[in-house]
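# Observations on the three-dimensional arrangement
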Amino acid sequence: MRIIIEPDYEGMSKKAAQIVAERIRNKPDIVLGLATGSTPLGMYQELVRLHKEEGLDFSKVTTFNLDEYWGLSPSHPQSYHYFMWNNLFSHINIDPDRVYIPSGRVRDIKTYCQWYEDKIKQVGGIDLQILGIGRDGHIGFNEPGSSLGSRTRIKTLAPETVEDNARFFKNKDEVPRYAITMGVGTIMEAKECMLLASGKNKAEAVQKCVEGPVSSECTSSALQLHPKVIIVLDEEASQNLKRKDYYIYAERIASRLEEI
Ligand code: F6R
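Model, not experiment: these values are computed from the prediction.

## Quick look at the environment of Ile 4
- Tracing the chain through its elements places Ile 4 in strand S1 (residues 2–6).
- Counting along the chain gives 226 residues from Ile 4 to Ile 230, while the straight-line C-alpha distance between them is 7.4 Å.

## Brief notes about helix H1 (residues 9–26)
- The end-to-end C-alpha distance of H1 is 26 Å, a good match for the 26 Å that 18 residues give at a rise of 1.5 Å each.
- Of the surrounding elements, those touching the buried residues of H1 are S1, strand S2 (31–34), helix H2 (41–54), strand S6 (128–131), strand S9 (192–197) and strand S10 (229–234).

## A word on the UniProt feature "site: Part of the allosteric site" (unreviewed entry) in the protein chain
- Under the UniProt annotation, the feature "site: Part of the allosteric site" (unreviewed entry) is placed at Ser 146, Arg 153, Lys 155 and Thr 156.
- Here Arg 153 shows up in strand S7 (residues 153–156).
- Apart from the residues within four sequence positions on either side, Arg 153 is in contact with Cys 113, Asn 142, Ser 146, Ala 179, Ile 180, Thr 181, Met 182 and Gly 183.
- Of note is the side chain of Arg 153, whose polar atom sits 2.8 Å from the side chain of Asn 142.
- Following the sequence through the fold, Thr 156 ends up in strand S7.
- Excluding residues that lie within four positions of it along the chain, Thr 156 makes contacts with Glu 143, Arg 177 and Tyr 178.

## With respect to helix H4 (residues 109–122)
- The first and last C-alpha atoms of H4 sit 20 Å apart over 14 residues, in line with the 20 Å expected at 1.5 Å per residue.
- When H4 is considered as a whole, its buried residues turn out to be Ile 109, Tyr 112, Cys 113, Tyr 116, Glu 117, Lys 119 and Ile 120. Seen along its axis, H4 keeps its buried residues to an arc of 155°; they face one direction. In H4, the exposed positions that point more than 90 degrees away from the buried face belong to Lys 110, Lys 121 and Gln 122.
- Downstream of H4 by a residue or two, Gly 124 has a phi angle that is positive, lying close to 100°.

Criteria and thresholds
- Residues numbered from 1 in each chain as written.
- Predicted model: local features only at pLDDT ≥ 70, side-chain atom pairs only at ≥ 80, totals over all residues.
- Heavy atoms only, no water.
- Helix = DSSP H or I, 4+ residues; strand = E, 2+ residues; numbered from the N terminus.
- Expected span 1.5 Å × (residues − 1).
- Contact = heavy atoms within 4.5 Å.
- UniProt positions renumbered as here; feature names shortened; annotations may be inferred.
- Polar contact = N/O pair within 3.5 Å; in protein donor to acceptor, adjacent residues only side chain to side chain.
- Buried < 20%, exposed > 50% of the residue type's maximum accessible area, 1.4 Å probe, protein only.
- Arc of directions from axis to C-beta.

In structure tokens:
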């Protein structure tokens, strides 16, 4: 695991965008796994800027979103479809035929989820999966107790997640109780993962993810078993890390290794 600690949200966002941009430049037909929520917003803004001002080309990029609320139509302002088009896709030159976001309207959920999994395989798998983290340590909507081998499926949201996400809705009752989400097993098959976290309310989850036991109680901890993970944090989200000094030191001298 590579742990990068930036002073603040802006630094975290820029660093993450820089890494995504570098991966796109190296492989223009890259397959990206994308997350929604507050955390990656700054990164998306920076990617839009890189597209507009520096010509970062998304025309061959394929994307798969992690999740979508079940029951919301794509035009619902709180749907993840709406979020992605509003915050990223409408502002870059992505081919809409290469954009995949789980549908929140399907009835034959099992067949649909299998189709989503097959589609990821058909394009050669996800090269870089972007992740946020919930206060309960979830990635995607893989709430505590989710199997670490789980695949794309419908999941009941934990009360904590409903509460956290109520800030986007008029009130808590409006928050959907289910979501279609990639599984932990699906996420773990990405060739590389990059998890972003900001703010002190994520510090405990980040510590468990990076340094805690690998457990379905904190589904992000499965990333400890992944061969290629970058964790990009702001100062506040890193405050509970026990080996923080080592991570800072390792990151500082990493550039020397690249020269060898
Ligand atoms: C969203 C997702 C979730 C969020 C997590 C953190 O697509 O997969 O796991 O990343 O709930 O959300 P924010 O960033 O709003 O704190």
